Amino acid sequence: MRYLVREKLFAVGDDYWIEDDRGHKAYLVDGKVLRLRHTFELKDAHGRVVAVVKEKAFTVRDAMKIEDAEGEVIATVREKLFTPFRDKYLVELASGGELKIHGNLIDKDYRIENHHGDDLARISRKWFRIRDTYGVEIADGADTGLLLAIAACVDHLVHEEH
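Undergrad: So what exactly am I meant to see when it comes to the pairing of strand E2 (residues 15-20) here?
TA: Looking along a regular strand, one sees side chains alternate from face to face of the sheet. Of the pairings in the sheet, the one linking strand E1 (residues 2-6) to E2 comprises two bridges and is antiparallel in character. Paired with Tyr 3 across the strands is Asp 20, a residue of E2. As defined by bridge partners, E2 adjoins strand E3 (residues 25-31) across five bridges and the pair is classed as antiparallel. Bridged to Asp 15 within E3 is Asp 30. Counting the residues in the hairpin turn of E2 and E3 gives four residues, including Gly 23, whose phi is positive at 85 degrees.

Structure (structure tokens):
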């Protein structure tokens, strides 16, 4: 499934919809205002919280944590200690293991892989001609909410750095 995401995901207080490839509203990005750190909830089309993303405060390396609806941390997106080329971030899963992020983050042309090297998501600006828009293509059977939240974290961290 492919999703259409508008940039500036973390504009404070902005709420907007992520659409599926048929133009239907699929996920609501609910930006939270008056928080010390950037926070948003990702909700499905029925209003159920799929993930809560929070910027980690007081860390040496940039990081964001992703929680489930019950507040349990399920993943942390963080800057790598050593960053050759453009592969700057990784995802540490609370259940163990990591997801790798490879590609050109600034131009939004990258992929998220599992530990076997299988693509879980591809992120690209090339699929759409709409300005400030990019696509997230999720592999069959992959956790859509988690992968959209990871893409949002990468978008925010790259935006904050530049």
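Undergrad: Looking at this structure, how should I read the pattern of salt bridges?
TA: One pass over the full model with this rule turns up 14 salt bridges. Each of Arg 2, Arg 122 and Glu 137 takes part in a single network of salt bridges with overlapping partners.

Undergrad: What's the story with the sheet that holds strand E4 (residues 39-44) in this structure? I'm lost.
TA: With antiparallel pairing, the twelve strands of this closed barrel are ordered in space as E1-E2-E3-E4-E5-E6-E7-E8-E9-E10-E11-E12. Taken pair by pair, the neighbouring strands of this sheet meet at an average axis angle of 20 degrees, ignoring direction. Two elements, E1 and strand E12 (residues 133-138), share five bridges in a ladder whose sense is antiparallel. From the neighbouring strand, Leu 4 faces E12, where its bridge partner is Gly 135.

Undergrad: What's the story with the nonpolar core in this structure? I'm lost.
TA: The nonpolar side chains of a soluble globular protein tend to be buried, and buried together. If you look at the biggest cluster of nonpolar residues, it comprises 39 residues, and the most contacted ones within it are Ile 18, Ile 66, Val 77, Ile 101, Ile 112, Val 136 and Ile 150. The element best represented in this core is helix H1 (residues 144-161), accounting for eleven residues. Residue contacts for Ile 66: discarding those within four places in its chain leaves Ala 51, Val 52, Val 53, Glu 72, Val 73, Ile 74, Ala 75, Val 77, Leu 146, Ala 149, Ile 150 and Cys 153.

Undergrad: So what exactly am I meant to see when it comes to the packing of aromatic side chains here?
TA: Where two aromatic rings form a pair, the distance of their centres and the angle of their planes describe that pair. Applying the stated criterion to the full structure yields one aromatic pair. Arranged with centres 5.9 Å apart and planes meeting at 70 degrees, the rings of Tyr 3 and Tyr 27 form a pair that is edge-to-face. With Tyr 3 in strand E1 and Tyr 27 in strand E3, the pair connects residues that are 24 residues apart, well separated along the chain. Tyr 3 gets classed as buried once you look at its relative accessible area, which sits at 7%.

The rules behind each value
- Residues numbered from 1 in each chain as written.
- Predicted model: local features only at pLDDT ≥ 70, side-chain atom pairs only at ≥ 80, totals over all residues.
- Heavy atoms only, no water.
- Pairing = 2+ DSSP bridges.
- Helix = DSSP H or I, 4+ residues; strand = E, 2+ residues; numbered from the N terminus.
- Salt bridge = Lys/Arg side-chain N within 4 Å of Asp/Glu carboxyl O.
- Axes fitted to C-alpha atoms, helices over the stretch in contact; angles between N-to-C directions.
- Core = buried A, V, L, I, M, F, W, Y, C linked by side-chain atoms within 4.5 Å.
- Buried < 20%, exposed > 50% of the residue type's maximum accessible area, 1.4 Å probe, protein only.
- Contact = heavy atoms within 4.5 Å.
- Phe/Tyr/Trp six-rings, centres within 6.5 Å; stacked < 30°, edge-to-face > 60°.

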